[in-house]
Amino acid sequence: MLLAVPTYNDRVAPTFDFCHRVSFWRVEGQETRKIADRKCTADSIGEKAAHLQAMGTELLLCGAVSSGLLQDLNARGIK
């Protein structure tokens, strides 16, 4: 599974909507390894969701997301 974690100052971001950096992690069984850090400077919530989808993200872990972004993520199969 590919896990996306929006970060701010090397911590989990309080909300993904305003975050500009995402760490991607590969989770296999009980092993987790960081595979990439990427900038996410999309102008809209649709672009943010598309960026995660393009990376192959299956799960987003963060403090919060807006309802519009949550709907877009879910429509793209991202939990």
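Before reading on, note that the structure itself is shown above.
Anyway, here's the lowdown on the structure attached to this text.

Let us look at the nonpolar core. Ala4, Phe16, Val22, Phe24, Leu52, Leu60 and Leu73 are the most contacted members of the largest nonpolar core, which has 14 residues in total. Contributions of two or more residues to this core are made by strand 1 (2-8), strand 3 (21-28), helix 1 (45-55) and helix 2 (67-75).

Time to look at unusual backbone geometry. As a rule of thumb, non-glycine residues mostly have phi less than zero, and peptide bonds are mostly trans rather than cis. One non-glycine residue, Asn9, lies in positive phi territory at about 55°. Checked against the element boundaries, Asn9 lands in the loop between strand 1 and strand 2 (11-12). Classification of Asn9 by relative accessible area gives exposed; the value is 60%. The backbone phi angle of Asp10 is positive, close to 60°, even though this residue is not glycine. Structurally, the position occupied by Asp10 is in the loop between strand 1 and strand 2.

With that settled, consider the pattern of salt bridges. Scanning the entire structure with this criterion turns up two salt bridges. The partner of Asp37 in a salt bridge is Lys34, with the nearest N and O atoms 3.1 Å apart. Judged by relative accessible area, which is 35%, Asp37 ranks as partly exposed. With its nearest N and O atoms 2.8 Å apart, the salt bridge here joins Asp72 to Arg76. Taking the relative accessible area as the measure of exposure, Asp72 reaches 18% and is therefore buried.

Cut-offs used in this document
- Residues numbered from 1 in each chain as written.
- Predicted model: local features only at pLDDT ≥ 70, side-chain atom pairs only at ≥ 80, totals over all residues.
- Heavy atoms only, no water.
- Core = buried A, V, L, I, M, F, W, Y, C linked by side-chain atoms within 4.5 Å.
- Buried < 20%, exposed > 50% of the residue type's maximum accessible area, 1.4 Å probe, protein only.
- Helix = DSSP H or I, 4+ residues; strand = E, 2+ residues; numbered from the N terminus.
- Salt bridge = Lys/Arg side-chain N within 4 Å of Asp/Glu carboxyl O.

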